[in-house]
Each structure stands twice: as structure tokens, then as C-alpha cells.
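Working through the structure, step by step
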Amino acid sequence: MTFLVNFIKSVFTDIFALLDGIMVCFSTNLSWEVAFSTFWFLFIIEFPRYYALDLCVAVKHIATWRQRRSREAIASRMLFIEKPLVSILAPGKNEGKHIYKLVKSLREQTYQNFEIIIVDDGSDDTTPLICKDLQRAGFITKFFRMRIGGGKASAANYAASHASGKYIIHLDADSSLDRDAIEKILLPFYFDRNIKGVGGCVKVRNAHDTLCSSVQALEYLKTIMVGRMGTNMLGIYHIISGAFGAFEVETLKQIGYWDIGPGLDGDITQKIRKAGYKVWFANNAICMTNVPTSWKKLFKQRMRWSKSLVRFRIRKHRDILWSNRNFNFLNMMSNLENIIYDCWLNYVWCFYIIMLVFMNVDRFWEIIIIGYLIRIAFAIVAFGVMMIVTERPREEFKLFPYVFVLTFYHGYFLRITRLMAHTMEFFFFSSYKDKWNPKKTSNVARIEGI
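Attention now moves to the confidence of the model for the protein chain. Any segment with low pLDDT has predicted coordinates that should not be analysed in fine detail. Confidence in the prediction of the protein chain, expressed as mean pLDDT, is 87, and 89% of residues score 70 or more. No element of the protein chain has a lower mean pLDDT than helix H1 (residues 2-29), which averages 54, and none a higher one than helix H8 (residues 181-186), which averages 98.

Rendered as C-alpha cells:
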């Protein structure tokens with residue numbers, strides 16, 4: 001607690017120092033009115049959604065800690081009294097080198113009534129040999145090998161068809177879990193019987209490998225840990241991560257399991273919401289995963305993720321944007337918020353930047369520097385929120401230096417990547433040509449409109 005208090009003090013000291021520097025620039029070159037009209041996109045659009053909401057999350061997290069502990073204690077007693085069988089699915093391709101680490105983390109869990117089902121989706125590495133050895137040793141319950149790959153959805157559905165549990169937990173094969181992660185992700189099912197899907201909190205395991213992985217580690221803390229706590233708080237949580245998500249089996253059967261991706265996680269979350277059920281984000285159920293360590297691989301990954309927004313949110317699930325049998329106000333807001341902030345406003349930002357450059361040619365670098373300082377001040381606030389919310393502040397505090405790079409990563413790299421992906425998907429349906437899925441499954445998906 002002393003560490004946290006000292007950190008918060010240092011955060012606000014840095015913020016005030018930065019704001020003093022910005023005020024000096026304003027007092028000599030810009031009035032507040034001109035500054036606000038220049039940086040309106042940041043103050044009016046980005047600050048309320050990405051920073052003010054973070055502060056609300058921190059306040060609620062501090063104010064409700066007793067209530068949360070009491071609710072979790074009751075749910076934990078109910079869980080261990082019932083002790084339902086849980087089926088853990090880990091479909092994947094060429095994941096042999098990660099399987100043992102995943103299985104090892106599962107054997108150390110505080111909740112142990114589960115079966116492990118691995119589906120090899122047409123690997124050409126040593127995955128089959130490794131998994132068969134683990135199965136013989138009793139570390140894996142069931143192992144299936146698909147000689148011809150059908151894609152991740154196909155592998156997940158095949159695994160689910162052989163599941164015996166009341167709940168299914170879907171994991172990426174390269175994941176590993178904190179010791180209490182299985183228990184924590186199951187607890188929300190006992191908060192409210194209408195909760196049928198729970199997302200875990202995914203963090204970056206290889207955070208210090210490269211600059212690329214370090215900024216992603218910060219991004220995951222902000223957008224997954226804090227960001228999803230915010231959307232969960234508002235009732236518009238819209239994506240149960242494919243790396244770590246839990247589902248009631250009967251509900252999965254009702255909605256038809258996973259459809260062909262990319263975007264499997266967001267798609268199945270919307271299907272659960274449309275069926276009239278609730279979803280929940282378990283911020284204290286921690287899953288560690290590896291992220292791309294090169295900018296090229298990261299660009300490809302984010303292109304694929306971003307195309308799924310157009311394919312699923314705007315096309316497939318557009319029916320929840322107006323009143324019909326699937327309509328629910330929070331479902332509409334969940335979809336609409338995602339579409340507006342992650343898609344439509346990117347095009348607005350593009351025009352904003354063009355106008356900003358042409359209207360400030362004589363003071364271009366001054367505008368760039370002041371805008372950067374404002375963003376850094378906001379980013380430090382956001383980092384302070386991360387440290388309040390996280391369960392491992394000392395470890396993640398080491399990421400603080402990358403806050404000064406994060407503004408370029410979020411503000412330019414990711415935004416431009418999304419712009420490219422959305423445009424390609426809007427006009428060329430390019431997600432159906434993505435090699436992430438086998439061509440045969442993508443052709444079927446295009447014909448069926450999924």
C-alpha cells in the first residue's frame with residue numbers, strides 16, 4: 001500500500017510538471033480558446049472515453065473492494081460446494097512448444113475438477129507427438145488430431161462436442177494461467193445465474209523482449225484490463241477473449257458454438273448477448289500470453305482483428321442496432337460504441353489531422369510538441385489507474401518508460417492499421433481471403449454470410 005501511495009504522489013507530481021510546461025507554451029503562443037479549438041478531437045472525443053472512464057474505474061475499484069471481496073467469498077463457497085466439472089479446450093496449430101507450459105499451469109490451479117481437451121488443427125510440427133506423450137502421462141484428458149486443418153472455430157467446436165463439463169473454458173495453446181485463474185473466472189457464474197459467458201484478463205508474458213512487445217504489454221493493461229472493466233461497469237462489455245474465456249455449455253449449444261473467424265471472440269460474445277444472457281469481465285482471472293515481437297507480425301495480427309469489426313459488428317450483427325426480437329438497449333450500445341470509436345471516428349481523425357496540418361503550416365512543430373505533451377499527461381494518468389487496478393504493481397511499474405512511446409503506438413500505428421483494415425474489408429471483403437483460415441472454410445463463410 002505504501003508503494004501505491006508513493007507512486008500515485010509521483011504520478012500527479014509528473015502530471016502537474018507537464019501541465020506547467022504546456023501552460024508556458026500556451027501563454028506565449030496559444031490562448032486556451034485556440035488550444036481547445038486546435039485539439040478538440042483529443043479533449044471532446046478521446047479524453048471522455050479513454051481517460052475519464054479509466055478514472056471512474058479506479059474510483060469504483062477502490063470504493064467497492066469490501067463488497068467485491070464479500071461477493072467473491074460467497075461465490076467461491078458456492079463453487080466449491082457444487083464443484084462442477086469444467087472442460088478446458090485448447091485448439092491450435094503448431095503449438096507443440098507451448099503445450100507443456102499450459103498444462104503445467106493447469107496442474108497448479110486452486111480449482112482442479114476439470115478435463116483438458118487438446119485439438120491439433122493439422123499441425124506439421126511435433127505437436128502430435130508431444131500431446132500423445134502428455135496424454136499417456138495423464139496430463140491431458142483427450143487429444144484429437146485433425147489431419148486437414150479446418151480453422152480455429154472448427155477445432156474449438158470439435159473439442160466442445162467431446163466436452164463433458166457444465167462449463168467450457170477456451171484457452172489459446174500458448175497461454176499460461178495464474179494459480180487461481182480457473183477459480184476466478186468461474187466465480188461470476190455464481191454472482192448472477194443469467195451470466196453465461198465470462199472473459200478473463202489477458203496480459204503479456206514476453207513484455208520485455210522487444211520495444212514492440214513492451215508497448216503491447218502497456219496496451220493490454222489499458223485496453224483489456226482497465227478498458228474492459230469500464231465497459232463491464234457500464235454493461236456494454238462486448239468481447240470475451242479467445243485466449244481465456246468461460247462459457248456455460250448449454251448456452252453454447254443454444255447459440256450454435258463458434259462461427260468461422262477471424263473475430264471468433266467478439267462474435268460469440270454478441271451471440272450470447274443476443275440470446276438474452278449477460279456476460280462478465282473477471283479482471284482478477286489472469287492469463288499470460290505471448291504477443292508478436294516484430295512490427296511486421298503485429299501489423300498482420302491487427303489487420304486481421306480490425307477486419308472482424310466490419311465483418312461481424314457492422315454486417316453480421318447489425319440487427320441489434322435497431323428494434324427487433326434481438327434488440328436490447330445495452331446490446332445496441334455495446335455494438336454502437338465499438339463501431340463509433342474503433343471505426344467511424346478513425347475516419348473523422350483522418351480528416352482532422354489533414355485539416356490540422358493545413359491550418360497550422362506556420363506552427364506545425366509547435367502543435368505537434370504541445371499535442372504530444374498533452375497526450376503524455378493523459379497517458380500518465382492512465383498509467384496511474386493501471387497501477388491502482390493491477391494485482392502486480394511492482395512488476396508492471398517497470399513498463400512506465402514506455403508510456404512516452406505509447407502515444408505514437410496508439411495514436412498513429414494502431415489507428416492507421418485500423419483505417420487500412422476497415423477500408424479493405426468495407427470495399428473488398430478481404431477477411432475472406434485471409435490465410436488465417438483455410439480457403440475452403442472462408443468460401444463457405446462468404447456464401448453463408450458469416
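With that settled, the discussion passes to the packing of aromatic side chains. Enumeration over the complete set of coordinates arrives at 24 aromatic pairs. With centroids separated by 6.1 Å and ring planes inclined at 65 degrees, the aromatic side chains of Trp-349 and Tyr-412 adopt a geometry described as edge-to-face. Here the residue Trp-349 occupies a position in helix H13 (residues 329-359), and Tyr-412 occupies one in helix H16 (residues 403-428), the gap between them amounting to 63 residues. Given the relative accessible area of 36%, Tyr-412 is considered partly exposed. Lying over the aromatic face of Tyr-51, Lys-222 brings its terminal NZ or CZ to 4.9 Å of the ring centre.

Right, let's talk about empty space enclosed by the protein for a bit. One pass over the full model with this rule turns up 1 cavity of 30 Å³ or more. Approximately 30 Å³ is the volume attributed to the largest cavity. Lining the largest cavity are Ala-90, Pro-91, Gly-92, Glu-95, Ile-99, Ile-118, Val-119, Asp-120, Thr-127 and Ala-173. Broken down by secondary-structure element, the contributors of at least two residues to the lining of the largest cavity are strand S1 (86-92) and strand S2 (114-121). Taken together, the residues of the lining of the largest cavity break down into 6 nonpolar, 2 polar and 2 charged.

This part is about the nonpolar core. Within the largest apolar cluster, 111 residues are counted, with the highest numbers of intra-cluster contacts made by Leu-106, Ile-169, Ile-182, Leu-186, Phe-244, Trp-258 and Met-386. By residue number, the principal contributor to this core is helix H14 (residues 364-389), which donates 14 residues. If we ignore the near neighbours within four places in the chain, the residues touching Met-386 are Leu-218, Leu-221, Lys-222, Met-225 and Val-226.

With mixed pairing, the 8 strands of this open sheet are ordered in space as S3-S2-S1-S4-S7-S6-S8-S5. Looking at the sheet topology across the chains shown, the edges are occupied by strand S3 (142-146) and strand S5 (176-177). Pairing analysis gives 9 bridges linking strand S6 (residues 195-204) to strand S8 (residues 278-289), with the strands arranged parallel. When the sheet's bridge partners are listed, Ile-195 is paired in S8 with Lys-278. On top of the sheet, helix H9 (residues 211-234) reaches S6 and S8; it is set at about 155 degrees to S6, its chief contact. Contacts from helix H11 (residues 264-274) reach S6, strand S7 (244-248) and S8 within the one sheet, and its direction differs from that of S8 by about 155 degrees.

With respect to burial, H11 is a largely interior element, 10 of its 11 residues being buried. Looking at H11, one finds that the buried residues are Leu-264, Gly-266, Asp-267, Ile-268, Thr-269, Gln-270, Lys-271, Ile-272, Arg-273 and Lys-274. The first or second residue beyond H11 is Gly-276, which carries a positive phi of 95 degrees.

Calculation rules
Residues numbered from 1 in each chain as written. Predicted model: local features only at pLDDT ≥ 70, side-chain atom pairs only at ≥ 80, totals over all residues. Heavy atoms only, no water. pLDDT = per-residue confidence, 0-100. Helix = DSSP H or I, 4+ residues; strand = E, 2+ residues; numbered from the N terminus. Phe/Tyr/Trp six-rings, centres within 6.5 Å; stacked < 30°, edge-to-face > 60°. Buried < 20%, exposed > 50% of the residue type's maximum accessible area, 1.4 Å probe, protein only. Lys NZ or Arg CZ within 6 Å of the ring centre and 35° of its normal. 1 Å grid on protein atoms, 1.4 Å probe; cavity = no way out; pocket = protein on both sides within 12 Å on 5 of 7 lines; lining within 4 Å. Points joined across faces, edges and corners; volume = space filled by probe spheres on them. Nonpolar A, V, L, I, M, F, W, Y, C, P; charged D, E, K, R; others polar. Core = buried A, V, L, I, M, F, W, Y, C linked by side-chain atoms within 4.5 Å. Contact = heavy atoms within 4.5 Å. Pairing = 2+ DSSP bridges. Axes fitted to C-alpha atoms, helices over the stretch in contact; angles between N-to-C directions.

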